[in-house]
Amino acid sequence: MNELAIKAEKLSKNFGSFKAVDEISFDVKKGEVFGFLGANGAGKTTAMKMLIGISTPSSGKASIAGYDIYNETEKIKRNIGYMSQKFSLYDDLTIGENLRFFGGIYGLSRPDIKLNTEKVLDRLHLQKEKNALVKSLPLGWKQKLAFSAAMFHSPQIVFLDEPTGGVDPLTRREFWDMIYEAAELGTTIFVTTHYMDEAEYCNRISMMVDGKIEAMNSPKELKKQFNASSMDEVFLDLARKATRTGD
Amino acid sequence: MKAVTINQISKTYTVQKEKTIALDGVSFDADLGEIFGIIGPDGAGKSSLFRILTTLLLPDSGTANVMGYDVIKDYKNIRKKVGYMPGKFSLYQDLSVEENLEFFATIFNVKIKDNYQMIAPIYKQIEPFKDRKAGALSGGMKQKLALSCALIHKPDVLFLDEPTTGVDPVSRKEFWDMLSELKQHGLSIIVSTPYMDEANRCDRIALIQEGKFLSINQPNKIIKEFKRNLYSLESLNNRIALKALKEKNEIHSCHPFGEKLHITLKENQEIQFFENLLIQNKIEYQHLEKIEPGIEDCFMELMLSKQ
Amino acid sequence: MRFSLIWQEKQLEQEINMKQFLVFIKKEWLHIWRDKRTLFILFGMPITQIILFGFALSNEVKNSKIAILNPSKDALSAQITEKINASRYFDLVKEIKTNSEIDLVLKSGEVNSVLVFPHNFEKDFNHNGFNKVQFIADASEPNTATTLKNYMSNILLDFQKTKNPNSVNPLQIKTEIRMLYNPQLKGAYNFVPGVMAMILLLVCTMMTSISIVKEKELGTMEVMLVSPLKPFMVIVAKAVPYFFLSMVNVVSILLLSVYTLELPIKGSLVLLMLESMLFTITALSLGLLISTITGSQQVAMLISLVGMFLPTLMFSGFMFPIENMPLPLRTISNIVPAKWYFIIVKNVMLKGLGISGVLKETLILIGMTVFLLILSVKKYKIRLA
């Protein structure tokens, strides 16, 4: 198995003459927590869509979990998990039904599904609520459960698109605790966020500006490099260079 | 007169026989010309509160006044006096920037040029794109247009429900700069946000969680109410340190904050005591200092004390 | 003095209201105008529907191949044969000599029907004042056979009348009634009123409810409610553009049917337009009602389609004759507004009846409209919940 979870080389996506993603190159090591930051419209979402295999790049190379981004998207999809703030779980299904469903679409065996479901319920202290509808849960719980669902088939890499938006500060930290737990077990985490304190929880972060990666390093090194006291300042410093607007 | 006065407002929703308490007897006043922030996570009841204040929703109990008018009896008067930007507000995507603004001006029975001064600082930034469809604007520009539309009739009170949610830090900062500028015109602004770091841009804030206010005050006073000594610790591996600290009886709370850990002790001891504790337990650290808490520290402390 | 001041204020307020109203309508026009795809569907639909129903889907049979067995070979039978051949419905392709050939030509599919004259046709006719012919049709396609039979008896009846204006054949009275307003059994006579009802319902009910619900989804409805704009004005302003669109559609359907389907408008055009306006308002109030009880565009669309469109198709009498339905379904058909409009259009357009002939139906439609409007105004909220 490759030591690199994600390898991207000069990856680009053009919409007409508009370069949404402009030759980005980066590596993510196995078990790394990689923060993918940028202002609205910098090209984060487009880049992420290419990496999870639902959008074909205009040019460049990339491999995810050792699979080619052009020809092996089916294999990629089987080996990654994805969670976004917008879509997470089915509101009108119970917790148990949601987990069974996600286990089912990834082809897990019945005993595996049962075992994993118990694990998740124990981890989240949700045993009692197993048969409760997801919509009756508070947002923070939903997000934690959604993360568990994304992790349900033990993917090599999990992509998290603003997973903690609008979540209360305590739950946000519990969420990151889960992220770290997963990373320690060898799962690679690729995460976007608008909370700059969360950026500092990442092992490394990349900053996208106008479709390009303008900076990439550990939070500590970035702060040094930009002579800033917080990631907030680094972000503002970089994002101000942006010349284009657009989502 | 106050811009907003609410007293013991409660609101419960019943969806499929399941009751959800959105607001549980909340009260506050907002003064004229102040920026009043309602800060809390999604689902805390912020939107329900805004809809009650903008006369879109009737409270189950309690009273509320906006510019001296009762939200139930005098709703027509309130509707003439307030500007409102709902959380999911997204303008008419197929109308141009100018058409959107003109439409809202006429709906509120004003002419753009009469009130241009009010919106000028904001609208000037998007005026070069006035023929562009609203749907083709970037997030930040949409926000500016929406704000211009909510302001065009020179309201006395402006209600902004989560205007910065999902917006990147740069656009958020710009947005708050605009609000500070508007305040100079004497406008009263009630704004909600899930981002704790925006609290300092408000004159006063109410921290809201599960339909209840945890605290209402000026941001710096809320920080002063934080009675414990707060320590910031930096170590090579925060996770190991965090785990070790959480097991100690002497520790009241320990939360990661960026690359640091924020810690409070049960007995409010001085830093020397804490250092000894760390050494005794062989908890490795690089840097330790006593720090001023932020709003997020306060919010979590208040959440924990309510639980 | 004070009085005149109040009066002036009132007038000013009315002017403001009017201005807001017009601006709102302008905005609606822009929405409709900029959504070219929907616009195309709205205007393209009536045209395609008319063409589809008028030509392709019609149960009219043209140039059906016919053979004739005529042992008489006299002038009268030749006249009849010529008349049949001249009609657009039959095409004489063969003259056969013997009875045994009948079966042969029908089986081989060479012809769809055969007309058999008796011996001494003209002689017997002049003697008795009537005579019989035999019409044999291939009934493996029953609908076509029935249609052909009707065409044939019609042609013969017509011929008989011109020859002997005083003859009344009691046996043919029944046929006469069925054929009276559609002597050639033209499909278009049924389809045009049906298409009109469907288009109006689609444009008004579905489009209005969707466009109102869209504002709820966008969050703009909240802002509208918190503005000094009178809430009901929002709704009325939404309805106005669709009202005009519908009128354009009515006119284009009528033009199409008169000039391409050669359908006459026997009654008063003004009455027809007025009735169409009435039905448009019925459909609009239905759309309004739907929009007040739904929160998403999909739900509004689903209710409009399943709740309005299907019943119109089934119960207006345009696809399936209501008289043939069992009593419970016939009862249900009474609450479908399109049924009454369908009757009105048929009566005015095809029978040429005046207002007195459609008074009952008109009153029922007015009643329904008032009921729907009151219901939706009651349901319309000045707040969100």
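Definitions and cut-offs
Residues numbered from 1 in each chain as written. Chains lettered and ligands numbered in written order. Predicted model: local features only at pLDDT ≥ 70, side-chain atom pairs only at ≥ 80, totals over all residues. Heavy atoms only, no water. Helix = DSSP H or I, 4+ residues; strand = E, 2+ residues; numbered from the N terminus. Rg over C-alpha atoms; globule rule 2.2 N^0.38 Å. Buried < 20%, exposed > 50% of the residue type's maximum accessible area, 1.4 Å probe, protein only. Contact = heavy atoms within 4.5 Å. Areas by Shrake-Rupley, 256 points an atom, 1.4 Å probe, with all protein chains shown as cover. Lys, Arg positive; Asp, Glu negative; His and termini not counted. Charge placed at Lys NZ, Arg CZ, Asp CG, Glu CD. Expected span 1.5 Å × (residues − 1). Arc of directions from axis to C-beta. Buried area = accessible area lost by both parts, 1.4 Å probe. Salt bridge = Lys/Arg side-chain N within 4 Å of Asp/Glu carboxyl O. Polar contact = N/O pair within 3.5 Å; in protein donor to acceptor, adjacent residues only side chain to side chain. Nonpolar A, V, L, I, M, F, W, Y, C, P; charged D, E, K, R; others polar. Domains from an automatic or database assignment. Phe/Tyr/Trp six-rings, centres within 6.5 Å; stacked < 30°, edge-to-face > 60°. Lys NZ or Arg CZ within 6 Å of the ring centre and 35° of its normal. Core = buried A, V, L, I, M, F, W, Y, C linked by side-chain atoms within 4.5 Å. Pairing = 2+ DSSP bridges. Axes fitted to C-alpha atoms, helices over the stretch in contact; angles between N-to-C directions. Patch = residues over 30% accessible without salt bridge, like charges linked within 9 Å, V, L, I, M, F, W, Y side chains within 5 Å.

What about the overall build of chain A?
In terms of regular secondary structure, chain A is built from nine helices and 10 strands. Expected size for 247 residues packed as a compact globule is a radius of gyration near 18 Å; at 18 Å, chain A falls within 12% of this value. The principal-axis extent of the C-alpha atoms belonging to chain A is close to 50 × 40 × 30 Å. Counting the 247 residues in chain A, one finds 55% classified as buried. Look at the contacts in chain A between residues 6 or more apart in sequence, and 68% of them connect residues 24 or more apart. With an accessible surface of roughly 10900 Å², chain A has 48% of that area assigned to carbon and sulfur atoms. The centroid of the 33 positive side-chain charges in chain A is displaced by 3 Å from the centroid of its 33 negative side-chain charges.

Digging into helix H4 (residues 110-123) of chain A
All names here are of chain A. Compared with an ideal rise of 1.5 Å per residue, which puts 14 residues at 20 Å, H4 spans 20 Å between its outermost C-alpha atoms and is within 8% of the ideal. Every buried residue belonging to H4 is among Ile-113, Asn-116, Thr-117, Val-120 and Leu-121, and all of these are buried. Buried residues of H4, seen end-on, are gathered within an arc of 135° and therefore sit on one face of the element. Exposed and facing more than 90 degrees away from the buried side of H4 are Pro-111, Lys-114, Leu-115 and Lys-119. Contacts made by the buried residues of H4 are with helix H3 (95-105) and helix H5 (139-150). Looking at the residues trailing H4, positive phi occurs at His-125, about 55°.

Section: the interface of chain C and chain B
Each partner contributes residues to the interface: chain C has 28 residues there, and chain B has 31 residues. Surface buried jointly by chain C and chain B totals about 2900 Å² across both partners, of which 63% is contributed by carbon and sulfur atoms. There are two salt bridges connecting chain C and chain B. Here Glu-99 of chain B ties to Arg-34 of chain C by a salt bridge, and the two come within 2.7 Å at their closest N and O atoms. Across the chain C-chain B interface, the total number found is 10 residue pairs in polar contact (both at pLDDT 80 or more). At the level of elements, helix H1 (2-34), helix H8 (188-218) and helix H9 (220-225) of chain C are the ones that each hand at least two residues to the side of chain C that touches chain B. Residue contributions to the side of chain C that touches chain B peak at nine residues, all from H1 of chain C. Partitioning the side of chain C that touches chain B into residue classes produces 15 nonpolar, five polar and eight charged.

Remarks on the domain arrangement of chain B
Residues and elements named next belong to chain B. Looking at the assigned domains, one finds that chain B contains domain 1 (4-224) and domain 2 (230-306). With centres defined by C-alpha atoms, the gap from domain 1 to domain 2 works out at 37 Å. With 16 residues of domain 1 in contact, the opposing surface of domain 2 contributes 10 residues. A combined buried area of about 980 Å² lies between domain 1 and domain 2, and 82% of that area is made up of carbon and sulfur atoms. Per-residue buried area on domain 1 facing domain 2 is highest for Met-196, Leu-214 and Ile-223; these three make up 62% of the total on that side. Between the two partners, domain 1 and domain 2, sit zero salt bridges.

Concerning the packing of aromatic side chains
According to the stated counting rule, one finds 24 aromatic pairs over all chains in the structure shown. With 5.4 Å between their ring centres and 75° between their planes, Phe-103 of chain B and Phe-104 of chain B make a pair best called edge-to-face. Per residue, the accessibility class of Phe-103 of chain B equals that of Phe-104 of chain B, and both read buried. Ring pairs connect the aromatic residues Phe-26, Phe-34, Phe-36, Phe-159 and Phe-190 of chain A, which therefore count as one cluster. The positively charged end of Arg-172 of chain A is found above the aromatic ring belonging to Tyr-195 of chain A, 3.8 Å away from the centroid. Over the ring of Tyr-195 of chain B we find Arg-172 of chain B; its NZ or CZ atom is 3.7 Å from the centre of that ring.

Observations concerning the nonpolar core
Val-4, Phe-28, Val-66, Phe-104, Leu-147, Phe-159 and Leu-179 of chain B are the most contacted members of the largest nonpolar core, which totals 105 residues. Per element, the largest residue contribution to this core is seven residues, and it comes from helix H5 (residues 139-151) of chain B. Other than its neighbours up to four places away in sequence, Phe-159 of chain B contacts Val-4, Phe-50, Leu-53, Thr-54, Val-66, Val-82, Gly-83, Tyr-84, Met-85 and Ile-190 of chain B. Of all hydrophobic cores here, the second largest spans 62 residues; its members include Leu-42, Val-195, Leu-286 and Leu-372 of chain C.

Regarding the sheet that holds strand S13 (residues 260-265) of chain B
Residues and elements named next belong to chain B. Read from one edge to the other, the open sheet built from four strands follows the order S12-S13-S11-S14, with strand pairing classed as antiparallel. A single partner strand is all that each edge strand has here, and the edge strands are strand S12 (251-257) and strand S14 (287-291). Sheet twist, expressed as the average angle between the axes of neighbouring strands with direction ignored, equals 25°. Note that S12 and S13 share six bridges and pair antiparallel. Looking at the pairing, Cys-254 lines up with Ile-263 of S13. Strand contacts of helix H8 (residues 238-246): strand S11 (230-234), S12 and S13, with the helix running at about 10° to S13, the strand carrying the most contacts. Docked against the sheet, helix H10 (residues 295-306) engages S11, S12 and S13, running at close to 140° with respect to S12.

A short note on the interface of chain B and chain A
Tallying the contact residues gives 33 residues for chain B and 35 residues for chain A. In this assembly, chain B packs against chain A so that about 2700 Å² is buried in total across both faces, 56% of it on carbon and sulfur atoms. Considering only the side of chain B, the residues that lose the most area to chain A are Pro-169, Arg-239 and Glu-259 of chain B, jointly responsible for 22% of the buried surface there. Counting across the interface, chain B meets chain A through six salt bridges. The salt bridge involving Arg-239 of chain B is made with Glu-184 of chain A; its shortest N-O contact spans 2.7 Å. One can count 10 residue pairs in polar contact (both at pLDDT 80 or more) joining chain B with chain A. In terms of residue count, H10 of chain B provides more of the side of chain B that touches chain A than any other element does, five residues in total. Class assignment of the residues belonging to the side of chain B that touches chain A gives a composition of 14 nonpolar, nine polar and 10 charged.

Focus on the environment of Asn-249 of chain B
With respect to the helices, strands and loops of the structure, Asn-249 of chain B is situated in the loop between H8 and S12. The spatial distance from the C-alpha of Asn-249 of chain B to the C-alpha of Gly-166 of chain B is 39 Å, given a sequence separation of 83 residues.

What about the environment of Ala-338 of chain C?
Residue and element names in this part refer to chain C. Looking at where Ala-338 falls in the secondary structure, it is placed in helix H14 (residues 337-350). Take Ala-338: its relative accessible area is 1%, and that puts it in the buried class. In this structure the C-alpha to C-alpha distance between Ala-338 and Leu-200, which are 138 residues apart in sequence, comes to 9.5 Å. Look past the residues within four positions of Ala-338 in its chain and what remains in contact with it is Ala-197, Phe-279, Thr-312 and Ser-316.

Thoughts on the pairing of strand S10 (residues 212-217) of chain B
Residues and elements named next belong to chain B. Sheet topology note: the strand S9 (residues 204-209)/S10 ladder contains five bridges and is antiparallel. Note on S10: the bridge partner recorded for Ala-206 is Ile-216. Taking the residues that link successive antiparallel strands as the turn, the S9-S10 hairpin has two residues, and the phi of Glu-210 there is positive, at about 50°.

Side note on a nonpolar patch on the surface
On the surface, a nonpolar cluster with roughly 700 Å² of combined accessible area is contributed by Met-301, Leu-302, Leu-305, Val-306, Leu-310, Met-314, Met-319 and Phe-320 of chain C. Within the element layout of this structure, Leu-310 of chain C appears in helix H12 (residues 297-315).

As for the side chain of His-153 of chain B
Residues and elements named next belong to chain B. Relative to the helices and strands, His-153 is located in the loop between H5 and strand S7 (157-160). In this structure the side chain of His-153 is engaged in a polar contact, spanning 2.8 Å, whose partner is the backbone oxygen of Val-82. When near neighbours in sequence (up to four residues on either side) are disregarded, His-153 contacts Lys-80, Val-82, Gly-83, Phe-108, Val-110 and Asn-115.

So, the pattern of salt bridges
Residue and element names in this part refer to chain A. Considering all chains together, one arrives at 41 salt bridges over all chains under this definition. Linking Arg-173 and Asp-197 is a salt bridge whose minimum nitrogen-to-oxygen distance equals 3.8 Å. Separated by 24 residues along the polypeptide, Arg-173 in helix H6 (residues 169-184) and Asp-197 in helix H7 (residues 196-199) bring together distant segments of the chain. On the basis of relative accessibility, which here comes to 16%, the residue Asp-197 falls in the buried class.

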